[in-house]
Amino acid sequence: MDNGPTLNLMNGALAFLPILVLLVALLGFKWSAPKAGAASWATVVLLALATFGADTNSISISSTKGLSLSFFVVSIIWTSVLLYNVVDKQGGIKVIGETMTRLVGDPLAQALVVGWAFSGFMQGVAGFGVPVAVVAPLLVLMGFSPVRAAAIVLVGHAWAVSFGSMGSSYYTIQLVTGIEGSVVGPHMAMLFALPIVLTGFAVAHIQGGLSSVKRGAPAILVIGGSMALFVWISASVGIPQLASIIPGLVGAGVGWLVSKTPLIGKPEGHGNKVSEHSEDAKPAKSDVESAVGVGNNFHLAFLPYYLVIGLSILSQIPAIKSATSGIFFALDYPALETALGFKVDSAQNYAKIALFKHPAPLILTSLALSYLIYLVSNRWRPGTLNVAIKLTYNQSISTTVGICTMVMMAVIMTDTGMTALLGRAIAAGTGAAFPVFSPYIGVLGTFMTGSNTNSNVMFGALQMESAGALGISSVTIASIQSIGGSLGSAIAPAKVLVGTSIVGLSGRENEVMRRTIPYCLGIVLLVGIQAWVFLTFFD
Amino acid sequence: MPSKVKLRQVVLWVMATDFPLLYVSAVSLENAVFTTVTLAVMAAAVAVALYSY
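Keep in mind that this is a model prediction, so the values were computed, not measured. All residue numbers refer to position in the chain's written sequence, counted from 1. Chain letters and ligand numbers both follow the written order, the letters beginning at A and the numbers at 1. Totals for whole chains, interfaces and linings use all residues, but because this is a predicted model, local features are given only for residues with pLDDT of at least 70 and pairs of side-chain atoms are given and counted only at 80 or more.

### Considering the overall build of chain A
Move 1: Only DSSP runs of H or I covering at least 4 residues are called helices, and only runs of E covering at least 2 are called strands; the numbering of each starts at the N terminus. In terms of regular secondary structure, chain A is built from 20 helices and four strands.
Move 2: Over its C-alpha trace chain A gives a radius of gyration of 23 Å, about what one expects of a compact globule, namely 24 Å for 539 residues.
Move 3: Along the first, second and third principal axes, the C-alpha atoms of chain A reach 70 × 50 × 45 Å.
Move 4: Sorting the 539 residues of chain A into buried and exposed places 61% on the buried side.
Move 5: Residue pairs at least 24 apart in sequence account for 81% of intrachain contacts in chain A once pairs closer than 6 positions are excluded. C-alpha atoms define the radius of gyration, and 2.2 Å times the number of residues to the power 0.38 defines the globule rule. Every C-beta atom is placed from the backbone, and the number of other C-beta atoms within 10 Å of a residue's own sets its class: buried at 20 or more, exposed at 12 or fewer, partly exposed in between. Two residues form a contact once the distance between their C-beta atoms, set from the backbone, is within 7 Å.

Right, here's the structure in full:
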């Protein structure tokens, strides 16, 4: 929106102040996301009132819009974490993980199947640090050193974050940019092909250096190609919330098949990094009780996720779509105008949560059906739901407050013209090279907040403003913002901390980050160059 | 004085409760006094978040 105050040094610097406060709070003072978000919300409110022409009414409306967006995202987080906890308490996560472990023997194949493909699947169904929390210990169980295990899963799951957590980051980039999912989804999926394959090569390099890269190259291209294809198919046929789940499963399946073929060469003797594996480190057979819970049955363990996949596909059937299209929760917001003349259009059905389209109702329905099936088949462990709800509540409080404060801050910045000013400043500063730098802005957001979703909220509108000012494709820029945010998960302290704490490396986060940072920044550079080439020669 | 863990829960519930009140005061009723009060409640919740996290 080309309106409001003209960019100058003073208002550009003031517009950057809330982000600077967030950066200093998170990185300088090492505050948690809720605390840093609170500080930046307070900063943006004071700035908006004092210098950007807002009043208490417009601040209230923008804050409420921020809470509407937060509710849209947080509802996905709460339900997906609840589903994960229920499956875990039923003994399912252990069975799923151990089944994966038993199926693949070669360490490189294990790194690719479990650390790359399966972690992407876990990001699809749960996200929010769960892949790191679940897969890193599995890799240690398989015989990987803790540092290597944490680094593999941090880099390995990074391809799946944007479409992960039932698509929460993807839905957010749609909401903040106003680009239809049918447009940005397939485009983002296409641009994701390169980083998907590159994260596979990075995982192989972390696992066994250049020798693993060489012997794994054909397999990585086959697995990565399959995953990239299914990301694109999922995004194109209208099931973007499954665009990490399905490719993750496909990748794990293809990886398993490939591990049985000569596509993955033999390890070069015992002198390489494979030697950290030993037979003693092989996982024990499942000790999950078979009398209650899901026992050792993979399909029973996987039932809730089968149902999520099935319901998501059902929800795309046109008859069901049209029959349920009128059932949704959304709020309308009026147009706003600051005293400096910055105008924001009114918004109808803002952050719409449709009953049979939004992931949260689908997850809750699959949870209810799973409960009934487990109950009827005497598989339900009494007390599971109570424990899972309490756990989910305790796990999600900080994330929720962090998202609410940061999203409110981001919307106030957008509605008062600060984001527009920043966008113009970045566009003026980088010029034609902006597409190369654009994904790093996404990385920055995830690095600061530990969340691709938060990154998209914070910087999505800013990226659009920059693209608009430079006259380049907003769809490509929105896509690489989210891709950068996705890849930033490999180096986000919040996620690294999850990985290090769960594999017993607390206090040694630097060792893990030293491993992941070069891969992350290198892959993001190639993503930026890819976007620049696309925009320059093909758009 | 409640513990910081309790205060974090209070922040969450105050924000959740204040959300509909903010909407009603600022959008539905367009009442300046009610809006200022609900915004002040949100500011108080944010201040508690700053302390408790």
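### Overview of the overall build of chain B
Move 1: Looking only at helices and strands, chain B features two helices and zero strands.
Move 2: Taken along the three principal axes of its C-alpha coordinates, chain B extends 35 × 15 × 15 Å.

### Remarks on the nonpolar core
Move 1: Structurally, a nonpolar core is described as a collection of buried Ala, Val, Leu, Ile, Met, Phe, Trp, Tyr and Cys residues joined by way of C-beta atoms within 7 Å. A:Leu112, A:Val135, A:Leu139, A:Ile152, A:Val155 and A:Val231 are the most contacted members of the largest nonpolar core, which has 201 residues in total.
Move 2: Setting aside anything within four residues of it in sequence, one finds A:Val231 in contact with A:Phe163, A:Ala189, A:Phe192, A:Ile196, A:Ala243 and A:Pro247.

### Describing the packing of helix H4 (residues 92–103) of chain A against helix H6 (residues 130–142) of chain A
Residues and elements named next belong to chain A.
Move 1: To obtain an axis, a line is fitted to C-alpha atoms, over the contacting stretch when the element is a helix, and the angle between two such axes runs from 0 to 180 degrees between their N-to-C directions. H6 packs onto H4 with a crossing angle of 45° between their chain directions and a minimal axis gap of 11 Å. Taken together, the axis directions place H4 and H6 in an arrangement best described as oblique. Between H4 and H6 the crossing geometry is right-handed. Along the contact surface, H4 presents Ile93, Gly97 and Thr101, while H6 presents Val134, Leu138, Leu141 and Met142.
Move 2: Its residues assigned to classes, the contact of H4 with H6 shows five nonpolar, two polar and no charged. An angle counts as roughly parallel when it lies under 35 degrees, as roughly antiparallel when it exceeds 145, as roughly perpendicular when it falls between 65 and 115, and as oblique in every other case. Here a crossing is called left-handed whenever its near helix is offset anticlockwise from the far helix by less than a right angle, and right-handed whenever the offset is clockwise. Think of it as three bins: nonpolar holds Ala, Val, Leu, Ile, Met, Phe, Trp, Tyr, Cys and Pro, charged holds Asp, Glu, Lys and Arg, and polar takes everything else, Gly as well.

### Some thoughts on the confidence of the model for chain A
All names here are of chain A.
Move 1: When pLDDT is averaged along chain A, the result is 86, and 93% of the positions lie at 70 or above.
Move 2: Looking at any residue, its pLDDT shows the predictor's confidence there, from 0 to 100. Model confidence for chain A, summarised as mean pLDDT per element, is weakest for helix H19 (residues 493–502) at 72 and strongest for helix H9 (residues 181–236) at 96.
Move 3: Below a pLDDT of 50 lies the segment residues 270–275, which in the model reaches eleven contacts outside its immediate sequence neighbourhood of four places, other chains included.
Move 4: Confidence drops under a pLDDT of 50 for residues 278–291, and excluding neighbours within four residues, the segment shows 19 contacts in the predicted structure.

### A few points about the packing of helix H14 (residues 384–415) of chain A against helix H17 (residues 452–470) of chain A
All names here are of chain A.
Move 1: Their axes nearest at 9 Å, the elements H14 and H17 cross at an angle of 10°. With respect to H17, the axis of H14 lies roughly parallel. Judged by residue contacts, Ile403, Met406, Val407, Ala410 and Thr414 of H14 engage Asn454, Val457, Met458 and Ala461 from H17.

### Considerations on the interface of chain A and chain B
Many structure descriptions define interface size as the accessible area lost when the parts assemble.
Move 1: Taken together, the contacts link 24 residues of chain A with 21 residues of chain B.
Move 2: Of all the secondary-structure elements, those providing two or more residues to the side of chain A that touches chain B are helix H2 (33–51), helix H3 (56–89), strand S1 (328–333) and H14 of chain A.
Move 3: In terms of residue count, the dominant contributor to the side of chain A that touches chain B is H3(A) (eight residues).

### With respect to the confidence of the model for chain B
Move 1: Residue-level pLDDT values for chain B average 95, and 100% of them are 70 or greater.
Move 2: If you check the scores for this complex, the pTM reads 0.77 and the ipTM reads 0.97.

### Some remarks on the environment of A:Phe342
Move 1: Mapping A:Phe342 onto the fold places it in the loop between strand S2 (336–337) and strand S3 (343–344).
Move 2: Between the alpha carbons of A:Phe342 and A:Ala490 there is a distance of 37 Å; along the sequence they are 148 residues apart.

### Looking at helix H11 (residues 298–314) of chain A
Residue and element names in this part refer to chain A.
Move 1: For a helix, the expected span equals 1.5 Å multiplied by the residue count minus one. Spanning 17 residues, H11 covers 23 Å between terminal C-alpha atoms, matching the ideal 24 Å at 1.5 Å per step.
Move 2: The largest bend in H11 comes to about 45°, at Pro304.
Move 3: Buried within H11 we find Leu300, Ala301, Leu303, Pro304, Tyr305, Leu307, Val308, Ile309 and Ser312.
Move 4: Buried positions along H11 lie against H3, H4, helix H5 (107–125), helix H10 (245–259) and helix H13 (359–376). The angle between axes fitted to the seven-residue stretch ending at a residue and the seven-residue stretch beginning at it gives the bend at that residue.

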